[in-house]
Amino acid sequence: MSESYYAEPKVLQLTGSNAETVTIRAKALVFVDPVSQGILQQLEQIAPSEAPVLIIGETGTGKELVARHIHERSGRRGPFVAVNCGAISEQLADSELFGHEIGAFTGASRRREGWFEAANGGTLFLDEIGDLPLALQVKLLRVLQEREVVRLGSRKSTPVDIRLVAATNVDLGDAVAAGHFRLDLFYRLNIAQVRLPPLRERPGDILPLATHFLNVYSQRLKTRRPEFTEATRRALESYVWPGNIREVENVIHFALLVADKGEVRPEHLKLNSVAASSPHGSPSARLSPREQFAEATRALLSESGDNLFNELERIIVDEAFRHSRYNQVRSAQALGISRNVMRTLLKKHGHLGDKLDDDGFDSAVAA
């Protein structure tokens, strides 16, 4: 993995043979958005330690890139070994992770070291750790505690020195509650947790990522690098990117194939029309209410309307007052402000009549 720069952004990317590793879902990660810069600072702090790291994030957010960065900053001289737990069959997982001896099972014609031994002296990255069968979770916990493995068909233990970094796109707390993941293993893995937010929560990274992939694919296709039009920039920034970084790469790659006249226009972007047009449609229906509000606000800001703050304030006051059945006290509580501030806002936006009851209820408005 190498670090490259376009203008100011810091970019983590894979180069050479690593770029084709099948476990990779995102091939570049930038740290431009303040949220991403905070994550980078956290990585620099935890990387030199020996503590296990648990990376949580949606598919395509760059979890393996983060794991590789932790390895490179750890000072460990051994290899970085990436294993996708979801891609290993349950029948072979034990052998894959811990190795086997000759004759340990049908077809075991030669001795084989497992991934733990292969990563000795370095870092073992277990992606989709939540897919690991319960029986293997017990063995994984023992290896982490004893720092040794026992191959299938052997009674002899082999010491291993590995730094474990695990990743998941599911809530392991929910998996524990459902009985699919061991609580003791969760505690063992969750010493240093890194939450990698989806791209929609770090919008400052979108254009730098798009520009990075524009440079990469212009070079690969040996074409003159086109420019994004202003409308294209707005389209990229307002889209919710359900596929995260991997989707950015695919969209820019396609845009370069169809763009002409030295510019990338909105019609060249192969975006999911439902996700791009509505914060309430699939797949962005998975957004929390706060994320939907933030997305709608960004869309309004891109329109550069006059008096936008006053309009947003009016909407919030209107909805809070209606939600509380036109009661001042409950409206103030819902918004986390004082009754006096709420009363001022209600007056400003024309909600208050001449008479209020003792609870701050405006019967004229309610009627």
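Being a predicted model, the structure only gives us computed values, none of them experimental.

**Q** Teacher, can you tell me more about helix α14 (residues 328-335) here?
**A** Structurally, the α-helix is built with 3.6 residues per turn, so residues lying three or four positions apart point the same way. The complete set of buried residues in α14 reads Q328, S331 and A332. An end-on view of α14 places all buried positions within 100° of arc, on one side of the element. In α14, the exposed positions angled more than 90 degrees off the buried face are occupied by Q333 and A334. Buried residues belonging to α14 abut α13 (308-323) and α15 (339-348). The N-terminus of α14 is capped by N327, whose side-chain oxygen sits 3.0 Å from the backbone nitrogen of V329. At the C-terminal side of α14, G336 shows a positive phi close to 75°.

**Q** Please clarify how the sheet that holds strand β4 (residues 53-56) should be interpreted in this entry.
**A** Strand-to-strand pairing in sheets goes through backbone hydrogen bonds, with the strands running parallel or antiparallel. The parallel open sheet is built from 5 strands, whose spatial order is β5-β6-β9-β4-β10. Each edge of the open sheet is held by one strand with a lone partner, namely β5 (80-84) and β10 (192-195). Taking the axes of each pair of neighbouring strands and ignoring which way they run, one obtains an average angle of 20° across the sheet. Two strands pair when backbone bridges link them, and β4 and β10 are joined in this way by 4 bridges, in the parallel orientation. Within the sheet, the bridge partner assigned to L54 lies in β10 and is Q193. Each of β4, β9 (163-168) and β10 touches helix α1 (residues 34-46); the most contacted strand, β10, lies at about 160° to it.

**Q** Even after reading the chapter, I still don't get a nonpolar patch on the surface, so can you show me in this structure?
**A** A cluster of nonpolar side chains, L221, F254, L257 and V258, forms an exposed patch at the surface whose accessible area comes to about 320 Å². The leading source of residues in the nonpolar patch is helix α10 (residues 244-258), at 3 residues. Here V258 is to be found in helix α10. Taking relative accessible area as the criterion, V258 reaches 36% and is therefore assigned partly exposed.

**Q** Is there a simple way to explain the pattern of salt bridges in this structure?
**A** In a structure, side chains of opposite charge can pair up when their charged atoms sit close to one another. Overall, the coordinates contain 21 salt bridges when judged by the stated rule. For the salt bridge of R76 with E50, the shortest nitrogen-to-oxygen distance reads 2.6 Å. A residue pair is termed long-range when its members are at least 10 positions apart, and R76 in the loop between α2 (63-74) and β5 and E50 in the loop between α1 and β4 qualify at 26 residues. Assessed through its relative accessible area of 13%, R76 is described here as buried. Of the charged contacts, one joins E227 and R225 as a salt bridge, the two residues approaching to 2.9 Å between their closest N and O atoms. What makes E227 partly exposed here is its relative accessible area of 40%. Several salt bridges converge on common partners, so that one network encompasses E50, R76, R147 and D161.

**Q** Where do I start with the confidence of the model for the chain in this structure?
**A** For residues with low pLDDT, the predicted coordinates do not support detailed interpretation. Per-residue confidence for the chain averages 82 on the pLDDT scale, and 82% of its residues sit at or above 70. Segment residues 354-367 is flagged for pLDDT under 50; beyond a separation of four residues in sequence, or across chains, it makes 28 contacts in the model.

**Q** When you look at the packing of aromatic side chains in this model, what are you seeing that I'm missing?
**A** Each aromatic ring pair is described using two quantities: the centre-to-centre distance and the angle formed by the ring planes. Scanning the model with the defined rule gives 5 aromatic pairs in all. Note on F186 and Y187: the rings are 6.1 Å apart at their centroids and 40° apart in plane angle, and the pair reads as tilted. Taking the relative accessible area as the measure of exposure, F186 reaches 15% and is therefore buried. A relative accessible area of 56% places Y187 in the exposed class. An angle of 85° between the planes, with centres 4.6 Å apart, marks the rings of Y239 and W241 as edge-to-face. The class of Y239 is buried, set by a relative accessible area of 3%. Lying across the ring of Y217, R220 places its NZ or CZ 5.0 Å from the centre. Here the basic side chain of K270 rests over the ring of F254, its NZ or CZ set 5.3 Å away from the ring centre.

**Q** Help me understand the packing of helix α8 (residues 206-221) against helix α9 (residues 230-238), please; the structure alone is not making it clear to me.
**A** When two helices pack together, their arrangement is captured by the angle between the axes and the distance separating the axes. The interhelical angle for the contact between α8 and α9, taken along N-to-C directions, is 115°, at an axis separation of 9 Å. Where α8 crosses over α9, the two elements pack in a sense that is right-handed. Note on element contacts: α9 touches α8 through R233, L236 and E237, opposite I206, L207 and A210. When grouped by side-chain class, the residues that make up the contact of α8 with α9 number 4 nonpolar, no polar and 2 charged.

**Q** Please explain α9 as it appears in this structure.
**A** Residues of α9 that are buried: T232, A235 and L236. For α9, the angular spread of the buried residues around the axis is 100°, confining them to a single face. Check the buried side of α9 and you find it contacts α8, β11 (227-228) and β12 (263-264).

Reading guide: rules and limits
- Residues numbered from 1 in each chain as written.
- Predicted model: local features only at pLDDT ≥ 70, side-chain atom pairs only at ≥ 80, totals over all residues.
- Heavy atoms only, no water.
- Buried < 20%, exposed > 50% of the residue type's maximum accessible area, 1.4 Å probe, protein only.
- Helix = DSSP H or I, 4+ residues; strand = E, 2+ residues; numbered from the N terminus.
- Arc of directions from axis to C-beta.
- Contact = heavy atoms within 4.5 Å.
- Polar contact = N/O pair within 3.5 Å; in protein donor to acceptor, adjacent residues only side chain to side chain.
- Pairing = 2+ DSSP bridges.
- Axes fitted to C-alpha atoms, helices over the stretch in contact; angles between N-to-C directions.
- Patch = residues over 30% accessible without salt bridge, like charges linked within 9 Å, V, L, I, M, F, W, Y side chains within 5 Å.
- Areas by Shrake-Rupley, 256 points an atom, 1.4 Å probe, with all protein chains shown as cover.
- Salt bridge = Lys/Arg side-chain N within 4 Å of Asp/Glu carboxyl O.
- pLDDT = per-residue confidence, 0-100.
- Phe/Tyr/Trp six-rings, centres within 6.5 Å; stacked < 30°, edge-to-face > 60°.
- Lys NZ or Arg CZ within 6 Å of the ring centre and 35° of its normal.
- Left-handed = near helix turned anticlockwise from the far one by under 90°.
- Nonpolar A, V, L, I, M, F, W, Y, C, P; charged D, E, K, R; others polar.

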